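Spelled out, the chains give:
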4 protein chains.
Amino acid sequence: MPVFILRLSCPDQMGVVASISQGLVELDANILQNAEFSDPATVTFCMRTRFEVDVFEASVLEDALRPRATALGATFGVRREDQPRRALLLVSRYDHCLLDLLYRRNSGEFGLDIPLVVSNHPDLRDVALRNGVDFEYLPVTRDTKPQAESRLLELIDKHQIDFVVLARYMQIISAELCGRLEGRAINIHHSFLPGFKGAKPYHQAWERGVKLIGATAHYVTAELDEGPIISQDVAPVTHRDTAESMVVKGRDVERLVLSRAVKAQAEDRIFLLGHRTVVFD
Amino acid sequence: MPVFILRLSCPDQMGVVASISQGLVELDANILQNAEFSDPATVTFCMRTRFEVDVFEASVLEDALRPRATALGATFGVRREDQPRRALLLVSRYDHCLLDLLYRRNSGEFGLDIPLVVSNHPDLRDVALRNGVDFEYLPVTRDTKPQAESRLLELIDKHQIDFVVLARYMQIISAELCGRLEGRAINIHHSFLPGFKGAKPYHQAWERGVKLIGATAHYVTAELDEGPIISQDVAPVTHRDTAESMVVKGRDVERLVLSRAVKAQAEDRIFLLGHRTVVFD
Amino acid sequence: MPVFILRLSCPDQMGVVASISQGLVELDANILQNAEFSDPATVTFCMRTRFEVDVFEASVLEDALRPRATALGATFGVRREDQPRRALLLVSRYDHCLLDLLYRRNSGEFGLDIPLVVSNHPDLRDVALRNGVDFEYLPVTRDTKPQAESRLLELIDKHQIDFVVLARYMQIISAELCGRLEGRAINIHHSFLPGFKGAKPYHQAWERGVKLIGATAHYVTAELDEGPIISQDVAPVTHRDTAESMVVKGRDVERLVLSRAVKAQAEDRIFLLGHRTVVFD
Amino acid sequence: MPVFILRLSCPDQMGVVASISQGLVELDANILQNAEFSDPATVTFCMRTRFEVDVFEASVLEDALRPRATALGATFGVRREDQPRRALLLVSRYDHCLLDLLYRRNSGEFGLDIPLVVSNHPDLRDVALRNGVDFEYLPVTRDTKPQAESRLLELIDKHQIDFVVLARYMQIISAELCGRLEGRAINIHHSFLPGFKGAKPYHQAWERGVKLIGATAHYVTAELDEGPIISQDVAPVTHRDTAESMVVKGRDVERLVLSRAVKAQAEDRIFLLGHRTVVFD
């Protein structure tokens, strides 16, 4: 039987679970997983339900559940699990995050289509092509940034991209594009935010003499390195480490943290509540 | 408004969430947290729901929900959150886990009443009394074990104990008592099980030359150190460590792991499914 | 045979190890542990050697090694291991770090004498006295800070204190006192520095939506929360956490991180090189 | 100036550091790093020294230091750091450890030559060749194992291999070959040893209901999964994990743990003392 994922968020109120689960019973759907969260800060209820039902099209389920969702004032959507999300990867020259994401996709670690890699450098073309992914070289200068970002939006549209992953992409995205990609663009920053924003965070970390280095996956916003955090992790360092050895150790953390965030996004597990995220296990 | 915790488990089937959440709607209850799990191995559905409702007695809620639970073939119970679980602590001579649990209770880290500490040694009497907890010295020899265990059951009964915590208790419990305390007695073993069962696990760990030591909180069963695992953690060691320094480092892990398991049990977050546990966050 | 600890630092140069180890051979000393580090940034060599020798007084060894140290331009010192360092603890109202340090001292986890607890609140007097430690209530207002700090220096002098531990002490220390205690005063800050300096770091962390909280032990300097870092660690949090639950989870991290730093200081394992620390295992 | 690495182990005795460091002074060598350990259990002293000296050949240094080493009863060797160790990788069908090691070698993360990959399956030939590494398909059946192992020894000899890495190699090596490769063959086992030896450790882990899974890098010995441990790490799992999802999560741990062990071996940081290892940072 096909498996579907329902995402729903609405103002917190009595009866949400009852209404939606009753709706699923009426569809003869069997709940496989259900995660819920009532956020006291924003008074918002979030729900992700994975269920199986003898229905072919997600739109049929959405139509059936829409009256209930409307009554709750809810935003919601249903996706067939075997119709994976589609991600566009933005990269520059560093290949470790790109290789890692492609490996995980290839090995079936997460259901995710990656139709296209876009880069402001041509270096990683072969990596993309060898993995069966299209590659577009999209150089960016101060003058051409508007055109480059327009082209990127075209590509997002053309390839029906659900979300964008900045896998160590070394260009700053305009506030306007950030706005258009809200909740749909994930960046990996190579520090434990809010420490060491901006350029060369490992060098900043070495200067400060920290005993742990970290990485942070977050949604892109117009304020640099201030976006809502999805995942973070750290690794120990000692006085023997240099900024260069931190760069090397940090790669392992960056890969893991970014892949966790991308997996969560691909599986519709993240809800954006103001400046904070709910990430269901 | 009073807050209640509902625990329910039943054969996995369609409509459980709908039925129970509908029952809560009919009681005018507002769900604050809801955790669910369908276990494919045992085909069992587990649910823990925290809700507020303008009702005084848990028994009223149980009566109202019983027809639905019965129809589902479910085991269930409701507890008022401000009527905490009651734990009896069993100790011997090591005080680190006892002190840690008492500190966490005193500081309100988990809602848990600890009316009594029982020990086969008199050493920790003052620790208990200073923390406002009764202490009973219950020596155990091979000959007196049956009487001692009878006395323990009496005390469990008399003090209306919900569960027992073996906080580094150095006596083996009889198979019969293990059976009577199934799912209600938590032990801390000072190794990463299944490695290093039995006596002197840190010395075994040193002999084997491991690079991490660990601790495991598990339900007590008749087979020594084979009970269902609730929580585990580890700490790094190096070639510089001796068995003695592992004992010292291990104390920190033991404390943390046991306190996590006790907190989960006190908050009704654990479901025992055969030999495995579900532990809701 | 008595065991001694030698600490030495000097401009990095050829022959330091040869000279000092030859000096130890001439004293018939047997090296038990030896840790060395050549810091490229400051071109400084640091060495900590633990050895046994049939000598009673550390001063005899210092006299014997002084010509070699002088020739190297080194700062050095020798301490008999069984004559422990002496620490003064500064606290306010939170007791978790104080209790933890006293427990570790009592259980012999590190060799450290704690003759005195000083606090700007009277609350923790009983905790100190029960552990056999003197307690002085030293209230601090804006007006009395200079006198209070003078009194503190008197106490440090009178009790022959080697270093001061700010175990969640909630007063800011004057720049002058910071200067006088350089490398001899350890603070625990309840965040992963450099993130969330200043007041209420867990509340800041919650606002920022981080997925890990942390704690940092560092030397006190005149710039608040900017001192050289000795130890750091983190714990995971989720969207379910509130600032209050982060405070609770953070206590476990604070305790561990501070105790590691105090142990390292008590065992003469830390070298302060500019704004960074070398911490030998 | 060329940089060299000296490894030395000998019966623990007074004057080892003095003798060797004096020998280095006489060669005008400048010590960059020095790590030492006196093992109480085996009464063995281990030392690894990294130094720079205006000498071309390691053999010149070995000749100069030999009289001192002989006097100490020491086993020792000197290697020029820019003449890397040579490893042969043994694989079967799983590619994650192979890809990871090749990536780290390619990116200069550790100085290591990998001239050859040998496999009992042809599947990973392209991976090897694409990374500029020779590949030999060496099928093994019960009957051909002796010839296959002879061929392997030939290849080790021909390619001047320093050590062998079993990067998820799914064949058991004969006791005789284990003996010949003592301290020179590193295996990754996909469990936290000593738990879950043998086949399908993640399935064993799932059955046992552990809350952490792990991986262990160890030297190969004739007793399966009983060899001296070099590196271990763990990752959290929950009741939601299946054996299959543990396999996926475990890959990340396996990669990291094996790469740490290979890096340590490539940098001459490991000493084998009986059944235990010293691993210098």
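Residues numbered from 1 in each chain as written. Chains lettered and ligands numbered in written order. Predicted model: local features only at pLDDT ≥ 70, side-chain atom pairs only at ≥ 80, totals over all residues. Heavy atoms only, no water.

1. Some thoughts on the overall build of chain A
Secondary structure summary: chain A contains eight helices and 13 strands in total. Dimensions of chain A along its principal axes, counting C-alpha atoms only, are 60 × 40 × 35 Å. Counting over 281 residues, chain A shows a buried share of 59%. Within chain A, residue pairs in contact and separated by at least 24 positions form 67% of the contacts whose partners lie at least 6 positions apart. Computing the positive centroid from 33 side-chain charges and the negative centroid from 39, chain A places the two 5 Å apart. (Helix = DSSP H or I, 4+ residues; strand = E, 2+ residues; numbered from the N terminus. Buried < 20%, exposed > 50% of the residue type's maximum accessible area, 1.4 Å probe, protein only. Contact = heavy atoms within 4.5 Å. Lys, Arg positive; Asp, Glu negative; His and termini not counted. Charge placed at Lys NZ, Arg CZ, Asp CG, Glu CD.)

2. Some details on the relation of the copies chain B and chain C
When chain B is brought onto chain C, the operation consists of a screw motion whose angular component is 180° and whose axial shift is 0.0 Å, with 0.0 Å RMSD remaining. This pairing of chains is accounted for by a two-fold axis. Looking at chain B, 100% of its interface residues are interface residues in chain C too, so the copies touch through the same face. (Least-squares fit on C-alpha atoms with pLDDT ≥ 70 in both.)

3. Topic: the sheet that holds strand β7 (residues 134–137) of chain C
Residues and elements named next belong to chain C. Across the sheet, which stays open at both edges, the seven strands sit in the order β7-β6-β5-β8-β9-β10-β11 with mixed pairing between neighbours. Unpaired on one side and paired on the other, β7 and β11 (229–236) mark the two borders of the sheet. The sheet shows a mean angle of 20° between the axes of neighbouring strands, direction not considered. Examined bridge by bridge, strand β10 (residues 212–219) and β11 share seven bridges and lie antiparallel to one another. In the sheet register, G214 faces β11, and the bridge partner there is V234. (Pairing = 2+ DSSP bridges. Axes fitted to C-alpha atoms, helices over the stretch in contact; angles between N-to-C directions.)

4. What about the interface of chain B and chain C?
With 15 residues of chain B in contact, the opposing surface of chain C contributes 15 residues. Buried surface at the junction of chain B and chain C, both sides included, amounts to about 1300 Å², of which 45% is carbon and sulfur. The tally of links from chain B across to chain C stands at six salt bridges. Here R251 of chain B ties to E109 of chain C by a salt bridge, and the two come within 3.1 Å at their closest N and O atoms. Sorting the residues of the side of chain B that touches chain C by element identifies α3 (96–106) and α8 (243–266) of chain B as the ones contributing at least two each. No other element matches α8 of chain B, which puts five residues into the side of chain B that touches chain C. For the side of chain B that touches chain C, the per-class residue count stands at four nonpolar, two polar and nine charged. (Buried area = accessible area lost by both parts, 1.4 Å probe. Salt bridge = Lys/Arg side-chain N within 4 Å of Asp/Glu carboxyl O. Nonpolar A, V, L, I, M, F, W, Y, C, P; charged D, E, K, R; others polar.)

5. What about the interface of chain A and chain C?
Between chain A and chain C, the contact holds 34 residues from the first and 34 residues from the second. Between chain A and chain C lies a buried interface of about 2800 Å² when both sides are counted; carbon and sulfur atoms form 61% of it. For the chain A face of the interface with chain C, the top three residues by lost area are R208, H239 and R276 of chain A, together amounting to 28%. The interface formed by chain A and chain C includes two salt bridges. When the shortest N-O distance is used, the salt bridge between E226 of chain A and R208 of chain C registers 3.6 Å. On inspection of chain A and its partner chain C, the count reaches 16 residue pairs in polar contact (both at pLDDT 80 or more). At the level of elements, α7 (201–208), β11 (229–236) and β13 (276–279) of chain A are the ones that each hand at least two residues to the side of chain A that touches chain C. Considering every element that reaches the side of chain A that touches chain C, the biggest residue donor is β11 of chain A, with six residues. Residues of the side of chain A that touches chain C, tallied by class, amount to 16 nonpolar, eight polar and ten charged. (Polar contact = N/O pair within 3.5 Å; in protein donor to acceptor, adjacent residues only side chain to side chain.)

6. Examining the domain arrangement of chain A
All names here are of chain A. Each assigned domain of chain A is listed here: domain 1 (3–80) and domain 2 (85–279). Relative to domain 2, the C-alpha centre of domain 1 lies at a distance of 30 Å. On the domain 2 side, the residues contacting the 13 residues of domain 1 number ten residues. Carbon and sulfur atoms make up 56% of the area that domain 1 and domain 2 hide from each other, which totals about 980 Å². (Domains from an automatic or database assignment.)

7. Points about the pairing of strand β3 (residues 44–52) of chain B
Residues and elements named next belong to chain B. For β3, the tally of buried residues reaches eight of nine residues, placing the bulk of the element in the interior. Two strands pair when backbone bridges link them, and strand β1 (residues 3–11) and β3 are joined in this way by nine bridges, in the antiparallel orientation. Pairing of R7 across the sheet is with R48, part of β3. As consecutive antiparallel partners, strand β2 (residues 30–39) and β3 are separated by four residues, and within that stretch V43 has a phi angle of approximately 50°, a positive value.

8. Re the sheet that holds strand β9 (residues 185–189) of chain A
Residue and element names in this part refer to chain A. Taken together, seven strands build an open sheet; the order of strands is β7-β6-β5-β8-β9-β10-β11 and the sheet is mixed. Two strands bound the open sheet, and with one partner strand each, they are β7 (134–137) and β11. Each adjacent strand pair in this sheet contributes to an overall mean axis angle of 20°, direction not counted. The pairing of strand β6 (residues 112–119) with β7 spans four bridges and is classified as parallel. Opposite V117, over in β7, you have F135 as the bridge partner.

9. With respect to the packing of aromatic side chains
Residue and element names in this part refer to chain B. On inspection of all chains with the given rule, the structure shows ten aromatic pairs over all chains. The interplanar angle of 20° and the centroid separation of 6.0 Å between the aromatic rings of F4 and F51 together place this pair among those described as stacked. One end of the pair, F4, is in strand β1; the other, F51, is in strand β3, with 47 residues separating them in the sequence. On the accessibility criterion, F4 (0% relative accessible area) is buried. A cation sits over an aromatic face here: R80 above F56, 4.9 Å from the ring centre. (Phe/Tyr/Trp six-rings, centres within 6.5 Å; stacked < 30°, edge-to-face > 60°. Lys NZ or Arg CZ within 6 Å of the ring centre and 35° of its normal.)

10. Brief notes about the relation of the copies chain A and chain C
The operation relating chain A to chain C is a screw motion whose rotation component is 180°, with 0.0 Å of axial translation and a residual RMSD of 0.0 Å. Taken as a fraction of all interface residues of chain A, those also at the interface in chain C reach 100%, which identifies the copy contact as same-surface.

11. Quick notes on the packing of helix α3 (residues 96–106) of chain D against helix α8 (residues 243–266) of chain D
All names here are of chain D. Contact pair α3 / α8: the axes reach a minimum separation of 9 Å and the direction vectors enclose 45°. With respect to α8, the axis of α3 lies oblique. Here the hand of the crossing between α3 and α8 comes out right-handed. Contacts between α3 and α8 involve H96, C97, D100, L101 and R104 on the former and, on the latter, R251, E254, R255, L256, L258, S259 and V262. When grouped by side-chain class, the residues that make up the contact of α3 with α8 number five nonpolar, two polar and five charged. (Parallel < 35°, antiparallel > 145°, perpendicular 65-115°, else oblique. Left-handed = near helix turned anticlockwise from the far one by under 90°.)

12. A closer look at the environment of A222 of chain B
All names here are of chain B. As for its position among the elements, A222 is in the loop between β10 (212–219) and β11 (229–236). Along the primary structure A222 and W206 are separated by 16 residues, whereas in three dimensions their C-alpha atoms are 27 Å apart. Residues within four places of A222 in sequence aside, it is in contact with A175 and C178.

13. Re helix α7 (residues 201–208) of chain B
Among the residues of α7 of chain B, those classed as buried are P201, Y202, A205, W206 and R208 of chain B. Projected down its long axis, α7 of chain B shows its buried positions confined to an angular sector of 165°, all on one face. Structurally, α7 of chain B contributes buried residues whose contacts are with β9 (185–189), β10 and α8 of chain B together with β11 (229–236) and β13 (276–279) of chain D. Once α7 of chain B ends, the next one or two residues include G209 of chain B, with phi positive near 75°. (Arc of directions from axis to C-beta.)

14. Comments concerning the packing of helix α1 (residues 16–26) of chain B against helix α2 (residues 58–72) of chain B
Residues and elements named next belong to chain B. Orientation of α1 relative to α2, taken along the N-to-C sense of each, is 175°, at an axis distance of 10 Å. In terms of orientation, α1 and α2 fall into the roughly antiparallel class. Together, V16, S19, I20, Q22, G23, L24 and E26 of α1 and L65, R68 and L72 of α2 make up the contact between the two elements. Class assignment of the residues belonging to the contact of α1 with α2 gives a composition of five nonpolar, three polar and two charged.

15. Remarks on the pattern of salt bridges
What the rule picks out here adds up to 96 salt bridges over all chains. Put simply, D100 of chain B and R104 of chain B hold a salt bridge, and the shortest N to O gap is 2.7 Å. On the criterion of helical spacing, the pair formed by D100 of chain B and R104 of chain B is a turn pair, its members being four residues apart in helix α3. In this structure, D82 of chain D engages R80 of chain D in a salt bridge whose closest nitrogen and oxygen atoms are separated by 2.8 Å. Residue classification places R80 of chain D among the buried residues on the basis of a relative accessible area of 10%. Here the salt bridges share partners, and the residues they tie into one network are D100, R104 and E109 of chain A together with R251, D252 and R255 of chain D.

16. Re helix α3 (residues 96–106) of chain A
Helical geometry note: an α-helix holds 3.6 residues per turn, so side chains three or four residues apart project in the same direction. All names here are of chain A. Counting buried residues in α3 gives nine out of eleven residues, a clear majority hidden from the surface. For α3, the full list of buried residues reads H96, C97, L98, D100, L101, L102, Y103, R104 and R105. Immediately downstream of α3, the backbone of G108 shows phi near 75°, a positive value.

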